[in-house]
Each structure stands twice: as structure tokens, then as C-alpha cells.
Amino acid sequence: MPTRPRGTKRLPELKAANGNVDSTRAFVRHVKRLVIKVGTAVVTRADGRLALGRLGALCEQIKELNLQGYEVIMVSSGAVGLGRQRLSFADLQKPQVELDGKACAAVGQSSLMALYDTLFSQLDVTSAQLLVTDHDFKSIDFRMQLNETVQSLLSLTVVPIFNENDAVSTRKAPYEDSSGIFWDNDSLAALLALELKADLLILLSDVEGLYSGPPSDPKSRLIRTYIKERHQGEITFGDKSRVGRGGMTAKVNAAVNAAQAGIPVVITSGYAPENILKVLQGEDIGTLFHEDAHLWVQSQDISAREMAVAARESSRNLQAISSEDRRKVLLDIADALEANQEQIMKENEADVAAAEKAGYERSLIARLALKPGKITNLANSIRVLAKMEDPIGRVLKRTELADGLVLEKTSSPLGVLLIVFESRPEALVQIASLAVRSGNGLLLKGGKEAKRSNAILHKVITDAIPDSIGGRLIGLVTSREEIPDLLKLDDVIDLVIPRGSNKLVSQIKESTKIPVLGHSDGICHVYVDKSANMEMANRIIVDAKVDYPAACNAMETLLLHKDLVPAGGLNAIVFGLRTKGVTLYGGPKVSSMLNIPQALSLHHEYNSMACTIETVDDVHQAIDHIHQYGSAHTDCIIAEDGEAVETFLRQVDSAAVFHNASTRFCDGARFGLGAEVGISTSRIHARGPVGVEGLLTTRWILRGNGQVVDGDKGVTYTHRDLPIQS
């Protein structure tokens, strides 16, 4: 491999990065040969003169691609404009119409290639010029020779640079005639990609990609994946290229034709210094054209309102089917998860590898990883959920209002839920299964670190949902930028459940009128009373901390009755935790007592093999400490003194309060709820592990036989409770 010239920038390694790609960009892993088309607007600056900085960055990227083993073919515009500038010394923005375009092309082509040759030679890269005309491609012999020549150049790591030979082209004028096999350099690039069997075509533009309208219009949005059936009629194109003959219309036509022939195309900005590398790393930049795009229907191409409305419509379809059919949907999802287990684990391993490479904290990586057997456990939890009594339409109360007038209070889905969660891919499965069981539509936004895991899990689950209900019952939000739009939709989204830090919960509460069911920090306490059985206490404490340190129900603070210190209880507990590898931090009293670092805050969630230890005078001080520094999640007392136990259980104001049991039991599956959307620390609607019942509201059904109010004259109210019929 050639050495890197002095002064050149080290660009990202591509092969290693290809493990972490957007699910719609997985094809980049198989790219070896690519065609890169550089438009006139990229080659020149706004004043019409050469953009040397951009061209230098482009050449550096191509140098890096060569080093990584890619075969790069270029198609470059700019010769006519450059020639006009050389001949007239005028601004390209004011073309001199009296100058012959073909003469401009002849002069400009040699200047353009001289520039590329100079830039590439500084990088120890060799380039070659190939000029073609539309007429050339009518010859089979020409096409065969073209393939042989290009193959020979590529084997020598030479970069072929194509351009239409406008100087001798039989077109009337370079900017006017659009007839023939190709009609501009965009269509030439598409033709070459097909002719030379390229794996990818990249069309570089002066904007980020294809927009729904003119890019200067603030209402226009970037289209990430072009779906012809959806976008063809709704796009409004702006002006054509300021100096070239094509513009975005030409690029889209070329991209559509190439994609239909089986060659993926990405239109992206040539202004950004590393966009070509990012495309090959699988990053979701620019606009993708792909022959299978219509099968993907990515959520980012659907507006926030469309996603929410589609979820509501699908939820009504779900509610309309029989209880047995809803149960079957869950069982099908469970089976699909197990059937696709190998692929799910592969995508999750890629997420974990990317997180490790990015230097994420170990606690986050622990939450991100799907342990062996996890998919089977999730599938079994869904089957348990399916066997539970159907929660939809249950009669909770029957009342006779008057003779022949019966009122029923029934359970009903909330409607559409928006769940924002971090790190844990299994949360997507749990939440989705609960949404199906409770008849709710669902929008999910997971953490970017679990992007691949979430994408494959979402696909497996939605593919298992019958078309009669609609796969858009569960929408996957893939961009953080979509969240503010979703939070404005208080008319179509009924509940937001953020699973993450207090900061996340607070930010969402401040940004929306939609009710928020808060799931914040898990600062769980274990208080060991002086009456505790110390053997039991040690067992519970170790389990609460060590079983799964990254979980929100893991112990973060250990409180000990002061009388346990002289009795040796403190030392025994410290020994047990240290033996398991737990790092200890002390409160003000214990830090000096044990000569350990003092905790920076008594309100701290470690999410790792660490915890805070402090002593208290009695159960009342323990309760005060929990109320001051806890998060109202899960707190536990270990004691044999009945009075201390009852005081603790009655007075600790947390979602879950335990006696002589590990805090790790605070979990929807362990509570028999089947699964959970989270553990709510709110005090309204639902609290603690939120299962199916937490996702339901009520409706009133009134059955009569012609009664009218009429000022209550003809009605005798009985308000008599009636038995609930099974």
C-alpha cells in the first residue's frame, strides 16, 4: 500500500465503520465499485470561480477510497464554465452568450483535467481522462472497449474521470439539446454506473439532498428515502443548476433510472468535506434511491402527524377484531422473535461493538446488550401476556340508574402512546407487546446507540402484524428532530412515557401539553434495621446491587441503623459487597468511619457496581433520608421488628416499598404483569411497574329503552349497584 503524502489529513477508516449502518443503508457493506458524479455547482464557487477547497477535499476522499480498496470512477462537469471563464475572464454567473459553447468546452476540458491532475498528484493518485459522446454508446464495440479500458485503469488504481465531449458532440449546444442515450452528466453517470456494473452511484449537489420543495423554502423537508409512488407527484423543484445544464430535476431522473436498474443512488451535498465517506459508512445522509425503497416506507419520510394518525387508525382496527384474534397477534409476534433470533442478536452485537468503539460508559453498554436467552425470555413473556384475560372492554362496574336504564363502566385503550426510551432494546419488545394487548397505537423513539437493534426488532414485530390491522400500528421514530413535532400533537397523541433520566423527563414535560407519565431516576434504598437478620440482609443487599447493576431497580444507597456499627454488621456488609467487586462511597458519617471516598451527592444513581453507604439513627431518620434524597422508585426495609416494618411500609412515599425482599423484584414481569412500559414515579394515573392496566382508561356505556331526561320529571332514579356479568 502506498505511503500517505506529508500534510494530508487522515480520514475515517471505512471498512471498520461499515458494521454500524442505518438499516436502509445496509447495501454499502457490499459496495466495491462506485461512480461519483461532481456537478458544476460543486466544482465552482458562488462567484463562478473554481472551488479549490471543495475539490481538494473531494480528491482526499477519493484517495482514501483507493487506499481502502474501492474502485472509484468519476464523472465531472465544469469544463464549459471553466472554458468560458478562461476565454472571457468573466464571472460564470453572467455567461457571455456570444462565446461558442463548444469552444468553451474544448478550452475548459484541458484546464479541468490539469487541475484534477495537479490535485491528485499531490496525493500520489493517478487520474485519467475519458471523453465520450452520446453517439459513442450506440456502438457495441465501443462499449466493450470502454469496459476493458476502465477495468485496466482500475486494476492500476487509476481514477478514470469521464465527461461528455461537448466540443465535438453532435448536440446543437451543450445547454440546449436533451435528446439521445444520455443528455447531461447526471444521465451519463447513471449510464456509466449501469454499463460498468457499479455497486453505487453518488450524485454530488450543492444541497443536502432532495427536498419536498425548493431548499430555500423553510417548509421544505429533506426526503431521506425517495419512494416514487409517494414522492413523484408531491415534489416542487426549484431553479435548475445556476451554471450547469441539469439541476435537481436531472439528478432525480438519473437516480430513478439507475435505481430501477438495480443500482443504489445517493444524492448528497458535495460541500461537506467527508460526505462520500459517510455514505460508505452507512450514515443516513442525503437522499437514497433504491429499487426496494417502496418496501421500506421509512418513518422519517412520513410526517409526525401522519405517523400518529396512522397509529390511531390501526389501533381502532386492532380493537375491532376479536379477543382471540388479538391473542393470536401476540403469539405470532413471539414466534417471529424466536424465528429471527440470530439476525436480532447480530444487529445487537453490532450496536454493542459501535458503543464500545465510541467509548460509551459500561453501564450503558450493559443496558444495550441482549444477553444470551433474552429473546426467548421476551417471547415467553409475550406468551404469558397473551394468556392473560383480555383487558379491552371489561365491565368494571354496573349501575341501574333507573328502571330499564343501565350504566356500565368499561375498560378502554388510551389511544396513541409516545414512548421515549434510552439504551434498552428489550424495552421496545415489552412496550410493543403491551400496546398490542391493550389495543393502543404506539410511537417509539429509542436511543441512537440501539439504532440497529431497534430497527430489526421493529421490523420483525410489525411484519408479524396482519395487514388488516396495519403495520403502522407501531411506528419507529428514527430522528431526534421529530420529537418536538410529535410533542405538539396533543390532539392525536394521548400519553407520553419518557424512560430515562430526570433531565429527559423534565425536558419532555416542559415541551408538551400531552399528559406525561414520568419514569425518572431509580435511586433505590435498602434500610437495614437493628432488628434485621444479618444473614438475610447480606443476601438481599448483594442481590439488590449485583444482580443487574445497570437496572433502575438496583440498590444505589444502603442505609444502616447506627447500632449495627459496633455490633460488626457494617463490616460484614462491606466485606460482602467488596468481595463482589462493588465500589463503596460513604455519606458524611461512614466515609470517615471506613476511610472511603465521600459520595459527591446523596442523590445519585450509579447504574454500575458502586453504591453509597450511610448510617441513620432509626427508622424515622431512614424515612426522612429516603424522602430527601430518593426518587420515589423502590425502597426496602430489612427488619424483624414489626412496628419498624409497618412504619416504613406506611410512611415511605415511593411507588414500591418492600419488606425483606430485594429491590430487583420491582419489575412488571416479576409482578405478573407480563411486561412493563416502565416503572412510573408519577402519582397520577399509574404508579410503579406500568403494565396493561396502566395503559387503559374507562368508557361509560349506557343502555336504555327510550328514556328521556325532560327535566327529570318522568325518571325515578334508583342508582342501584348490579352484579357484573361474566
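Here the structure is a predicted model, which means the values were calculated and not measured.

## Some words on the overall build of the chain
Within the chain, the regular secondary structure consists of 25 helices and 24 strands. Residues counted as buried form 57% of the 726 residues belonging to the chain. A sequence separation of at least 24 residues applies to 75% of the contacts in the chain between residues at least 6 apart. Of the roughly 31800 Å² of accessible surface on the chain, a fraction of 50% belongs to carbon and sulfur atoms.

## A look at the sheet that holds strand 16 (residues 555–561)
In space, the six strands of this open sheet follow the order 17-18-16-15-19-20, with parallel pairing throughout. Pairing within the sheet leaves two strands with one partner each, and these edge strands are strand 17 (583–586) and strand 20 (656–659). Pairs of neighbouring strands in the sheet enclose a mean axial angle of 20°, with direction left out of account. Pairing of strand 16 with strand 18 (residues 610–616), which is carried by five bridges, proceeds in the parallel orientation. Bridging from a neighbouring strand, Leu-560 pairs with Thr-615 of strand 18. Across the sheet, helix 25 (residues 642–651) touches strand 15 (524–528), strand 19 (634–638) and strand 20, and the angle it forms with strand 20 is around 170°.

## A short note on the sheet that holds strand 4 (residues 158–164)
Spatial ordering of the open sheet is given by 3-4-2-1-5-7-8-6, a layout of eight strands whose pairing is mixed. Edge strands, defined here as strands with exactly one partner in the open sheet, are strand 3 (126–132) and strand 6 (225–226). One ladder, built from five bridges, connects strand 1 (residues 33–38) with strand 5 (residues 200–205); its direction is parallel. Directly across from Leu-34, in strand 5, lies its bridge partner Leu-200.

## Things to note about the pattern of salt bridges
Scanning the model with the defined rule gives 22 salt bridges in all. Arg-452 is the partner of Glu-347 in a salt bridge, and the nearest nitrogen-oxygen pair spans 2.8 Å. In this pair, Glu-347 is assigned in helix 14 (residues 341–358) and Arg-452 in helix 18 (residues 451–463), connecting sequence segments 105 residues apart. Residue classification places Glu-347 among the buried positions, given a relative accessible area of 14%. Arg-683 serves as the salt-bridge partner of Asp-653, at 2.8 Å between the closest nitrogen and oxygen. One end of the pair, Asp-653, is in the loop between helix 25 and strand 20; the other, Arg-683, is in the loop between strand 21 (678–680) and strand 22 (688–690), and 30 residues separate them in sequence. A residue is classified by how much of its surface remains accessible, and Arg-683, at 51% relative accessible area, is exposed. Each of Lys-37, Asp-186 and Lys-251 takes part in one network of salt bridges that share partners.

## With respect to the confidence of the model for the chain
With 90% of its residues at a pLDDT of 70 or more, the chain shows a mean pLDDT of 86. Between residues 1–21, whose pLDDT stays under 50, and residues either more than four places distant or in other chains, the model counts 57 contacts. Here residues 173–178 is a poorly scored stretch, pLDDT under 50, and it has 15 contacts once near neighbours within four places are set aside; other chains count.

## Notes on helix 9 (residues 248–260)
Under the 1.5 Å per step criterion, the end-to-end length of helix 9 is 18 Å for 13 residues, consistent within 8% with the ideal 18 Å. Looking one or two residues past helix 9, Gly-262 carries a phi angle of roughly 100°, positive in sign.

## Quick word on the packing of helix 14 against helix 18
Where helix 14 meets helix 18, the closest approach of the two axes is 7 Å, and the angle between their N-to-C directions is 160°. One way to sum up the angle between helix 14 and helix 18 is to call them roughly antiparallel. Facing Gln-343, Ile-344, Glu-347, Asn-348, Ala-350 and Asp-351 of helix 14, the residues of helix 18 in contact are Lys-451, Arg-452, Ser-453, Ile-456, Leu-457 and Val-460. The class makeup of the residues in the contact of helix 14 with helix 18 is five nonpolar, three polar and four charged.

## Quick look at unusual backbone geometry
For Asp-124, which is not glycine, the phi torsion reads 60° and is therefore positive. With respect to the helices and strands, Asp-124 occurs in the loop between helix 5 (101–121) and strand 3. For His-719, which is not a glycine, the phi torsion comes out positive at approximately 45°. With respect to the element layout, His-719 can be found in strand 24 (residues 717–722). Here His-719 falls in the exposed class, since its relative accessible area comes to 55%.

## Focus: the packing of aromatic side chains
Here the structure, examined in full by the defined rule, presents six aromatic pairs. When the centroid spacing of 6.5 Å and the interplanar angle of 55° are considered together, the rings of Phe-658 and Phe-671 count as tilted. In this pair, Phe-658 is assigned in strand 20 and Phe-671 in the loop between strand 20 and strand 21, connecting sequence segments 13 residues apart. Taking the relative accessible area as the measure of exposure, Phe-671 reaches 41% and is therefore partly exposed.

## A word on the packing of helix 3 (residues 52–67) against helix 5
At a minimum axis separation of 10 Å, helix 3 and helix 5 run at an interaxial angle of 55°. Relative to helix 5, the element helix 3 lies oblique. Crossing geometry of helix 3 relative to helix 5 is assigned as right-handed. Contact residues: Leu-52, Leu-55, Gly-56, Leu-58, Cys-59 and Ile-62 in helix 3; Leu-115, Tyr-116, Leu-119 and Phe-120 in helix 5.

## Thoughts on a negative patch on the surface
On the surface, Asp-563, Asp-617, Asp-618 and Asp-624 cluster together into a negatively charged patch. Along the chain, Asp-563 turns up in the loop between strand 16 and helix 22 (569–579). Classification of Asp-563 by relative accessible area gives partly exposed; the value is 37%.

## Quick word on helix 3
Its 16 residues give helix 3 an end-to-end C-alpha distance of 23 Å, which sits within 8% of 22 Å, the value for a rise of 1.5 Å per residue. When you tally the buried positions in helix 3, you get 12 out of 16 residues, the bulk of the element. Looking at helix 3, one finds that the buried residues are Arg-54, Leu-55, Gly-56, Leu-58, Cys-59, Gln-61, Ile-62, Lys-63, Glu-64, Leu-65, Asn-66 and Leu-67. With its phi angle positive at about 95°, Gly-69 sits one or two positions after the end of helix 3.

## A look at the side chain of Ser-591
Secondary-structure assignment places Ser-591 in helix 23 (residues 588–594). One polar contact links the side chain of Ser-591 to the main-chain carbonyl oxygen of Pro-588, over a distance of 3.5 Å. Excluding anything up to four places from it in sequence, Ser-591 contacts Gly-586, Ile-596, Pro-597 and Gln-598.

## Describing the nonpolar core
Of all hydrophobic cores here, the largest spans 49 residues; its most connected members are Ile-333, Leu-337, Leu-442, Leu-444 and Ile-474. Considering each element in turn, this core owes the most residues, eight residues, to helix 17 (residues 425–438). Apart from the residues lying within four places of it in its own chain, the contact partners of Leu-444 are Ile-419, Phe-421, Leu-428, Ile-431, Ile-474, Gly-475, Leu-476 and Val-477.

## Here we look at the environment of Val-80
The residue Val-80 is located in helix 4 (residues 79–88) in this model. Judged by its relative accessible area of 7%, Val-80 is buried. Sequence-wise, Val-80 and Gly-101 are 21 residues apart; in three dimensions their C-alpha atoms are separated by 6.7 Å.

## A word on the pairing of strand 16
Burial runs high along strand 16: seven of the seven residues are buried. In this sheet, strand 16 lies alongside strand 15 in parallel orientation, the contact comprising five bridges. Residue pairing in the sheet places Tyr-527 in a bridge with Leu-559 of strand 16. Handedness of the crossover joining strand 15 and strand 16 through helix 21 (residues 534–546) is recorded here as right-handed.

Definitions and limits used
- Residues numbered from 1 in each chain as written.
- Predicted model: local features only at pLDDT ≥ 70, side-chain atom pairs only at ≥ 80, totals over all residues.
- Heavy atoms only, no water.
- Helix = DSSP H or I, 4+ residues; strand = E, 2+ residues; numbered from the N terminus.
- Buried < 20%, exposed > 50% of the residue type's maximum accessible area, 1.4 Å probe, protein only.
- Contact = heavy atoms within 4.5 Å.
- Areas by Shrake-Rupley, 256 points an atom, 1.4 Å probe, with all protein chains shown as cover.
- Pairing = 2+ DSSP bridges.
- Axes fitted to C-alpha atoms, helices over the stretch in contact; angles between N-to-C directions.
- Salt bridge = Lys/Arg side-chain N within 4 Å of Asp/Glu carboxyl O.
- pLDDT = per-residue confidence, 0-100.
- Expected span 1.5 Å × (residues − 1).
- Parallel < 35°, antiparallel > 145°, perpendicular 65-115°, else oblique.
- Nonpolar A, V, L, I, M, F, W, Y, C, P; charged D, E, K, R; others polar.
- Phe/Tyr/Trp six-rings, centres within 6.5 Å; stacked < 30°, edge-to-face > 60°.
- Left-handed = near helix turned anticlockwise from the far one by under 90°.
- Patch = residues over 30% accessible without salt bridge, like charges linked within 9 Å, V, L, I, M, F, W, Y side chains within 5 Å.
- Lys, Arg positive; Asp, Glu negative; His and termini not counted.
- Charge placed at Lys NZ, Arg CZ, Asp CG, Glu CD.
- Polar contact = N/O pair within 3.5 Å; in protein donor to acceptor, adjacent residues only side chain to side chain.
- Core = buried A, V, L, I, M, F, W, Y, C linked by side-chain atoms within 4.5 Å.
- Right-handed = clockwise from strand over helix to strand, strands pointing away.

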